[in-house]
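Below are the chains, spelled out letter by letter.
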Amino acid sequence: METIFTDDYFMKKALYEAKEAFAKGEVPVGAVVVVNNQVIARTHNLTELLHDVTAHAEMQAITSAANFLGGKYLKDCTLYVTLEPCQMCAGALYWSQITKIVYGAKDERRGYTTLGTQLHPKTQVVSGVLEDECAALIQLFFQNKR
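Keep in mind it's a predicted model, so treat the numbers as computed, not measured. (Residues numbered from 1 in each chain as written. Predicted model: local features only at pLDDT ≥ 70, side-chain atom pairs only at ≥ 80, totals over all residues. Heavy atoms only, no water.)

How do you make sense of the UniProt feature "active site" (unreviewed entry) in the chain when you look at a structure like this?
What UniProt calls "active site" (unreviewed entry) maps, in this numbering, to Glu58. With respect to the element layout, Glu58 can be found in helix H3 (residues 57-69). Overall, Glu58 belongs to the buried group, its relative accessible area being 4%. When residues no more than four places from it in sequence are discounted, the contact partners of Glu58 are Ala31, Leu79, Val81, Leu83, Glu84, Pro85, Cys86 and Cys89. (UniProt positions renumbered as here; feature names shortened; annotations may be inferred. Helix = DSSP H or I, 4+ residues; strand = E, 2+ residues; numbered from the N terminus. Buried < 20%, exposed > 50% of the residue type's maximum accessible area, 1.4 Å probe, protein only. Contact = heavy atoms within 4.5 Å.)

What follows is the structure, encoded as structure tokens:
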């Protein structure tokens, strides 16, 4: 019997990565890339550790997945990320030609939808998966910073 994995299942893996980021003092955004129900990349924000403003979870996930696949395109892949991608990450996801993006919390200030950034026309988007848990972790992080 084939196991059926849900968006919630993979988003929980991304949330685990976000909690790892939180523990390291990084903005708690986690991401996993999945192909054929297999996680091929798992990562989180590394901007503080790497001193690199481009080291968002999505950017790290794109690089890791491309290395795993041995090519630059992420066709037939799904990115699960706890926060709506920013304009930079959406641009990189556009060029990766990723098939599907699933995100948890909406980013009202810096999210790609707010800023009008376009994804690849064939990319499917699902939003709001485990939204409350994803948003709560980010809110807790910034409350602790104040």
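Mind showing me how you'd approach the pairing of strand S4 (residues 100-105) here?
Two faces, one strand: in a regular strand the side chains alternate between the faces of the sheet. For S4, the tally of buried residues reaches six of six residues, placing the bulk of the element in the interior. When strand S3 (residues 78-83) meets S4, the two strands line up parallel, connected through five bridges. The partner of Tyr80 across the bridge, within S4, is Val102. Note on the crossover from S3 through helix H4 (residues 87-96) to S4: the handedness is right-handed. For S4 and strand S5 (residues 124-127), the ladder comprises four bridges, and the chain directions are parallel. The residue of S5 that forms the bridge with Val102 is Val126. (Pairing = 2+ DSSP bridges. Right-handed = clockwise from strand over helix to strand, strands pointing away.)

Hey, could you run me through the packing of aromatic side chains in this one?
Each pair of aromatic rings is reported with the distance of its centres and the angle of its planes. Under the counting rule described, the total for this entry stands at seven aromatic pairs. Consider the rings of Tyr9 and Phe10, whose centres lie 5.0 Å apart with planes at 80 degrees: the pair is edge-to-face. On the accessibility criterion, Phe10 (3% relative accessible area) is buried. Between Phe10 and Tyr80, the ring centres sit 5.3 Å apart and the planes meet at 35 degrees, which makes this aromatic pair tilted. Residue Phe10 is found in helix H1 (residues 7-23), and its partner Tyr80 is found in strand S3; the two are separated by 70 residues along the sequence. With a relative accessible area of 5%, Tyr80 lands in the buried category. Members of the aromatic cluster, joined through ring pairs, are Phe5, Tyr9, Phe10 and Tyr80. (Phe/Tyr/Trp six-rings, centres within 6.5 Å; stacked < 30°, edge-to-face > 60°.)

Mind showing me how you'd approach a negative patch on the surface here?
A surface patch of negative charge is lined by Asp8, Glu108, Glu131, Asp132 and Glu133. Broken down by element, the residue count for the negative patch peaks at three residues, all from helix H6 (residues 131-145). Look at Asp8 and you get partly exposed, because its relative accessible area is 38%. (Patch = residues over 30% accessible without salt bridge, like charges linked within 9 Å, V, L, I, M, F, W, Y side chains within 5 Å. Areas by Shrake-Rupley, 256 points an atom, 1.4 Å probe, with all protein chains shown as cover. Salt bridge = Lys/Arg side-chain N within 4 Å of Asp/Glu carboxyl O. Lys, Arg positive; Asp, Glu negative; His and termini not counted. Charge placed at Lys NZ, Arg CZ, Asp CG, Glu CD.)

Any chance you could explain the nonpolar core here in plain terms?
Within soluble globular proteins, side chains that are nonpolar generally end up buried alongside one another. Core analysis: the largest hydrophobic core is formed by 39 residues, its most contacted members being Met11, Val33, Leu79 and Tyr80. Mapped onto this core, the elements with two or more residues apiece are H1, strand S1 (30-35), strand S2 (38-44), H3, S3, H4, S4 and H6. For Val33, the contacting residues outside a window of four places in its chain are Gln38, Val39, Ile40, Ala41, Ala61, Ala65, Cys77, Thr78 and Leu79. (Core = buried A, V, L, I, M, F, W, Y, C linked by side-chain atoms within 4.5 Å.)

Explanation requested: the sheet that holds S5 in the structure shown.
Either a parallel or an antiparallel arrangement is found when strands of a sheet pair, and the pairing is made through backbone hydrogen bonds. Reading across the sheet, the five strands line up as S2-S1-S3-S4-S5 and stay open at both edges, with mixed pairing between neighbours. Pairing within the sheet leaves two strands with one partner each, and these edge strands are S2 and S5. For this sheet the average axis-to-axis angle between neighbouring strands, irrespective of direction, equals 15 degrees. Packed on one face of the sheet, H3 meets S1, S2 and S3 and runs near 145 degrees to S2. (Axes fitted to C-alpha atoms, helices over the stretch in contact; angles between N-to-C directions.)

I'm lost on the packing of H3 against H4 in this one. Help?
Any two packed helices are characterised by how steeply their axes cross, that is the angle between the axes, and by the distance between the axes. Look at H3 against H4: their axes get within 9 Å of each other, and the N-to-C directions meet at 20 degrees. Classified by the interaxial angle, the pair formed by H3 and H4 is roughly parallel. At the point where H3 passes H4, the crossing takes the left-handed sense. Where H3 abuts H4, its residues Glu58, Met59 and Ile62 lie against Met88, Cys89, Ala92, Leu93 and Ser96. Taken together, the residues that form the contact of H3 with H4 break down as six nonpolar, one polar and one charged. (Parallel < 35°, antiparallel > 145°, perpendicular 65-115°, else oblique. Left-handed = near helix turned anticlockwise from the far one by under 90°. Nonpolar A, V, L, I, M, F, W, Y, C, P; charged D, E, K, R; others polar.)

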